[in-house]
Amino acid sequence: MTKQIALVTGASRGIGKAIAERLAEDGFFVVGTATSDNGADSISAYLTENGKGIKLDVADPESIAEVVKAVNDDFGTPAVLVNNAGITRDNLLMRMKDEEWNDIITTNLTSVFRMSKAVLRGMIKARAGRIINISSVVGATGNAGQANYAAAKAGMIGFAKSIAKEVGSRNITVNTVAPGFIATDMTKALGEDFKNALLASIPLSRLGDVREIAHTVSFLASEGAAYITGETIHVNGGLFMP
Amino acid sequence: MSNVEERVKKIVAEQLGVKEDIATDASFVDDLGADSLDTVELVMALEEEFECEIPDDEAEKITTVQQAIDYVEKNA
C-alpha cells in the first residue's frame, strides 16, 4: 500500500466527516475515529476502500495509545493528523461546574496533546508530517457561556505554535483551522434568536458549510502548504478578522 | 570494545551525523552538537535498536555515550 495515512479524530459526523471524505478524495488512506462502535462502522461505510473507522475515546490516554499503535501496525505511520474531535458543555461561568470545565479541557485540549505526542514519534522518524488542529473562532473572540470551550480552543492555537517551533526542523508542520459558525449538529443546538443575531454579524450572511472547512484542511495537508506552519487560518465568513 | 558500546556508538554516529571516532565520555549536546530534539530522537533509536522502552524520566538522564551504554547494559 503506497497511500499516505491520514488520521482524523471525531470523523463520524459534522466537520470531521467532511474532512475525512475530502482527504480520502485527495488520495489519503483515512483512519477516522468515533467514540462508539456504531460511529466507527459508519465511518468505514462512507470511506469504503479509502479508509477505516476505528473506536477511540480521546479523553482516555490508554485508548489513544492503543489506537495509535493499531494504526501504525495495521496501516503505517500517519503522515497527517487532524485533531478534530470536540464537545461543548456550555454554561455561564458563575454556574459552570468543575466537571463541565474538566470535560471540555480533557476532550478538546488534552486530547490534542496526547494524540500529537503519540503520532510525532513516527513523523520525526519519517522527517515529514502535518498536524492540523480544528479550533474555533470562539478561541479567538471568546463567547459568553463558553469559557471552557473558548479556553480549550485558544489553547490549541498556542499548542500548535509551540509544537511548530519544536519540530519544524524535522519537516513537520503544525497548523490550526478556526471555523466560524458552520452548519452542523453542534450549531443546530443554538437558539433561533442567537442564530439571527449571528447571521447579521457575518459579512457573508450565512453559516459555513462543512466542506469549506474540509477544503482548508485539505490545503494544509497538501504539498503546496509545505511552508506554512504555526499558522491559524480563520474560515468564518468574515465574522472575525484578526 | 563491548558489543553494546559498539552498537550505541553506531547509533549515535548515525543520529547525530558524527563522522569522527566517538569518545565514550562524550556529551551529546556539549561535545557532539546535538539539540534537545536530537537527544529525543537518539533515545527513540536506542529503544528500537535494543528493543526496550526507556521511560521519559530515565531518558532525560541519558546525556552522554557512557550513560546510554550503562542504561542499555542494565536494562535491555
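Computed from a predicted structure; not experimentally measured.

What counts, and at which threshold
Starting afresh in each chain, residues are numbered from 1 along the sequence in its written order. For naming, the first written chain is A and the first written ligand is 1, with later ones following in the order written. Since the coordinates come from a predicted model, pLDDT governs what is reported: local features require at least 70, and pairs of side-chain atoms require 80 or more to be given and counted, while whole-chain, interface and lining totals use all residues. Hydrogen atoms and water are omitted, and side-chain values are computed over all heavy atoms in the structure. As defined here, a cavity is a set of points on a 1 Å grid over the protein atoms alone where a 1.4 Å probe fits but cannot get out. A pocket is an open set with protein on both sides within 12 Å along at least five of seven lines, and residues line them when an atom is within 4 Å of a point. Grid points are joined across faces, edges and corners, and a volume is the space filled by probe spheres set on the points. A run of DSSP states H or I qualifies as a helix once it reaches four residues; a run of E qualifies as a strand once it reaches two. Both are numbered from the N-terminal end. Polar here means any residue outside two lists: the nonpolar Ala, Val, Leu, Ile, Met, Phe, Trp, Tyr, Cys and Pro, and the charged Asp, Glu, Lys and Arg; Gly therefore counts as polar. UniProt positions are given in the numbering used here, feature names are shortened, and annotations may be inferred rather than shown by experiment. Here an axis means a line fitted to C-alpha atoms, over the contact stretch when the element is a helix, while the angle between two N-to-C directions is reported on a 0 to 180 degree scale. For classification, angles of less than 35 degrees are called roughly parallel, those exceeding 145 degrees roughly antiparallel, those between 65 and 115 degrees roughly perpendicular, and all remaining angles oblique. Whether two residues are in contact is decided by their heavy atoms: any pair within 4.5 Å suffices. Being paired, for any two strands, means DSSP has found at least two bridges between them. Burial here depends on accessible area, computed with a 1.4 Å probe over protein chains only, as a share of the maximum for the residue type. Under 20% is buried, over 50% is exposed, and the range in between is partly exposed. Working definition: rings of Phe, Tyr and Trp (its six-membered ring) pair if their centres are within 6.5 Å, and the pair is stacked with planes under 30 degrees apart, edge-to-face with planes over 60 apart, and tilted otherwise.

A. Main features of empty space enclosed by the protein. Residue and element names in this part refer to chain A. Applying the stated rule across the entire model yields one cavity of 30 Å³ or more. Counted as a void, the largest cavity has a volume near 30 Å³. If you go around the largest cavity, the residues you meet are Thr 9, Asn 83, Asn 84, Ala 85, Asn 108, Ser 111, Val 112, Met 115 and Met 156. With four residues, helix 4 (residues 98-126) is the largest single contributor of residues to the lining of the largest cavity. A per-class count over the lining of the largest cavity returns four nonpolar, five polar and no charged.

B. Looking closely at the UniProt feature "active site" (unreviewed entry) in chain A. In this structure's numbering, the residues bearing the UniProt feature "active site" (unreviewed entry) are A:Tyr149. Of note, A:Tyr149 is situated in helix 6 (residues 147-167).

C. Inspection of the packing of helix 4 of chain A against helix 2 (residues 36-49) of chain B at higher detail. At a minimum axis separation of 11 Å, helix 4 of chain A and helix 2 of chain B run at an interaxial angle of 95°. Accordingly, the angle class assigned to the pair helix 4 of chain A and helix 2 of chain B is roughly perpendicular. Note on element contacts: helix 2 of chain B touches helix 4 of chain A through B:Leu37, B:Glu41, B:Met44, B:Glu47 and B:Glu48, opposite A:Arg121, A:Ile124 and A:Lys125. For the contact of helix 4 of chain A with helix 2 of chain B, the per-class residue count stands at three nonpolar, no polar and five charged.

D. Molecular detail of the sheet that holds strand 7 (residues 232-235) of chain A. Residues and elements named next belong to chain A. Overall, parallel pairing links the seven strands, which are arranged 3-2-1-4-5-6-7 in an open sheet. Two strands close off the open sheet at either side, each with one partner strand: strand 3 (51-55) and strand 7. Averaged over all pairs of adjacent strands, the angle between strand axes in this sheet comes to 20°, irrespective of strand direction. Sheet strands in contact with helix 4 are strand 1 (5-8), strand 4 (78-83), strand 5 (129-134) and strand 6 (172-179), and its direction is about 170° off that of strand 4. The strands touched by helix 6 are strand 4, strand 5, strand 6 and strand 7; relative to strand 6, the strand with the most contacts, the crossing angle is about 165°.

E. Main features of unusual backbone geometry. All names here are of chain A. In this structure, Thr 48 takes a positive phi of about 45° despite not being glycine. One non-glycine residue with positive phi stands out, namely Arg 127, at about 55°. Within the secondary structure, Arg 127 is located in the loop between helix 4 and strand 5. The partly exposed category is assigned to Arg 127, whose relative accessible area is 36%.

F. Representation of the UniProt feature "domain: Carrier" (unreviewed entry) in chain B in the model. As annotated by UniProt and renumbered to match this structure, "domain: Carrier" (unreviewed entry) occupies residues 2-76 of chain B. Counted over residues 2-76 of chain B, helix gives 57% and strand 0%. Its end C-alpha atoms are 14 Å apart.

G. Quick look at the UniProt feature "binding site: NADP(+)" (unreviewed entry) in chain A. Residue and element names in this part refer to chain A. UniProt tags Gly 10, Ala 11, Ser 12, Arg 13, Thr 35, Asn 84, Tyr 149, Ala 150, Ala 151, Ala 152, Lys 153 and Ile 182 as "binding site: NADP(+)" (unreviewed entry). Over a stretch of 173 residues, the named residues are scattered through the fold, their C-alpha atoms separated by up to 24.6 Å. For the largest cavity, the lining residues among the annotations just cited are Asn 84. For Ala 150, a relative accessible area of 10% gives the class buried. Those residues in contact with Ala 150 that sit more than four places away from it in its chain are Val 138, Gly 139 and Gly 142. With respect to the helices and strands, the residue Ala 151 is situated in helix 6.

H. Representation of the packing of aromatic side chains. Residues and elements named next belong to chain A. Within the structure shown, the criterion is met by two aromatic pairs over all chains. A centroid spacing of 5.0 Å and a plane angle of 35° characterise the contact between Phe 29 and Phe 75, whose relative ring orientation is tilted. Of this pair, Phe 29 sits in strand 2 (residues 29-34) while Phe 75 is found in the loop between helix 3 (61-74) and strand 4, placing the two residues 46 residues apart along the sequence. Ring geometry for Phe 181 against Phe 194: centres 6.1 Å apart, planes inclined by 70°, an arrangement best described as edge-to-face. Residue Phe 181 is found in the loop between strand 6 and helix 7 (185-188), and its partner Phe 194 is found in helix 8 (residues 192-200); the two are separated by 13 residues along the sequence.

I. Representation of the layout of surface pockets within the structure. Empty space within the largest pocket amounts to approximately 1600 Å³. If you trace the largest pocket, you find 41 residues lining it, with A:Lys117, A:Arg121, B:Val40, B:Met44 and B:Asp56 closest to the centre. When contributions to the lining of the largest pocket are tallied by element, the ones reaching two or more residues are helix 3, helix 4 and helix 6 of chain A together with helix 2 and helix 3 (56-59) of chain B. Counting residues per element, the lining of the largest pocket draws most heavily on helix 4 of chain A, which supplies 11 residues. Split into classes, the residues belonging to the lining of the largest pocket amount to 22 nonpolar, seven polar and 12 charged. Here the second largest pocket defines a volume of roughly 1000 Å³. Every residue lining the second largest pocket is counted, 44 residues in all, and those nearest its centre are A:Gly86, A:Ile87, A:Thr88, A:Tyr149 and A:Met186. Breaking the lining of the second largest pocket down by element, the ones donating at least two residues are helix 1 (14-25), strand 2, helix 5 (137-141), helix 6 and helix 7 of chain A. The residue makeup of the lining of the second largest pocket, split by class, is 20 nonpolar, 19 polar and five charged.

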